[in-house]
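Chain by chain, the residues run as shown.
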Amino acid sequence: MVNPGALGQSRWLVRLRCRPGSVAAIADALAERDDVNWVALSAAGCEITCATQSRTREQREDLLGQRLPRTAAVIDINAFAMLRQFLPGRAHYWSALQGTLSPKEEEALGSGGPPFTESPVVTREPLRLTPEDEKMLGALAADGRASLVDLARAADLTPGRVSRRLDALLQHRGVHIDVEIAAAALG
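Residues numbered from 1 in each chain as written. Predicted model: local features only at pLDDT ≥ 70, side-chain atom pairs only at ≥ 80, totals over all residues. Heavy atoms only, no water.

1. Overview of the environment of glycine 144
Threshold: Runs of H or I in DSSP of at least four residues are treated as helices and runs of E of at least two as strands, each being numbered from the N terminus.
Mapped onto the secondary structure, glycine 144 falls in the loop between helix H4 (131-142) and helix H5 (148-155). Sequence spacing of glycine 144 and isoleucine 177 is 33 residues, and the spatial spacing of their C-alpha atoms is 8.9 Å.

Right under this line is the structure:
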């Protein structure tokens, strides 16, 4: 996932109060957007909560300042800029996953340090993604298991350059790996 804070943009939590009967359609439309991380329904089906991470100010203003306020079924909007964020550290922290990975795999993920580390929400020196970065990250977003060869083909680069660029983006927190696990799969 691209970290908008590393690009100089902020993340927002948004709560929408909607007219009864309209929540599912609005939630579905929000879930289809690339700049919405997740969507949850609450308050007996009259509220939607979502997190946005727009890549540009224009994209954020379009959603929060234009589209949602003009939606007739939206009664009220509360948007909150995220002030602090904690990114995952040790990937094997969940006790339910203990024993799933070999010691060598756990070591590769980083076995020391805290499970989460605080990271600036918006960096002082924003990164600039190149068109090749965008293509590579688009391919990775579509298939999180894409090989370096596949990513290189998508970005018209060599696998070595893709590997170095991806490492640099991860190291500078321009992107981070986000894994969603179905809790039911863990028992």
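From this point, things continue past the structure.
2. So, the confidence of the model for the chain
Going by this rule: Note: pLDDT gives the predictor's confidence per residue, expressed from 0 to 100.
With 86% of its residues at a pLDDT of 70 or more, the chain shows a mean pLDDT of 83. Mean pLDDT across the elements of the chain bottoms out in strand S5 (residues 85-88) (66) and peaks in H5 (96).

3. Describing the layout of surface pockets
Here is the rule: A 1.4 Å probe that fits into a set of points on a 1 Å grid over the protein atoms alone but cannot get out defines a cavity; an open set with protein on both sides within 12 Å along at least five of seven lines defines a pocket, and lining residues are those with an atom within 4 Å of a point. Grid points are joined across faces, edges and corners, and a volume is the space filled by probe spheres set on the points. Charged residues are taken to be Asp, Glu, Lys and Arg, nonpolar residues to be Ala, Val, Leu, Ile, Met, Phe, Trp, Tyr, Cys and Pro, and polar residues to be all remaining types, Gly included.
Its boundaries defined by the atoms lining it, the second largest pocket holds a volume of some 930 Å³. What lines the second largest pocket is a set of 24 residues, and nearest its centre among them are Met1, Val2, Leu137, Leu140 and Ala141. Of all the secondary-structure elements, those providing two or more residues to the lining of the second largest pocket are strand S2 (36-42), H4 and helix H6 (159-171). Ranked by residues supplied to the lining of the second largest pocket, first place goes to H4 with five residues. In terms of residue class, the lining of the second largest pocket is built from 11 nonpolar, six polar and seven charged.

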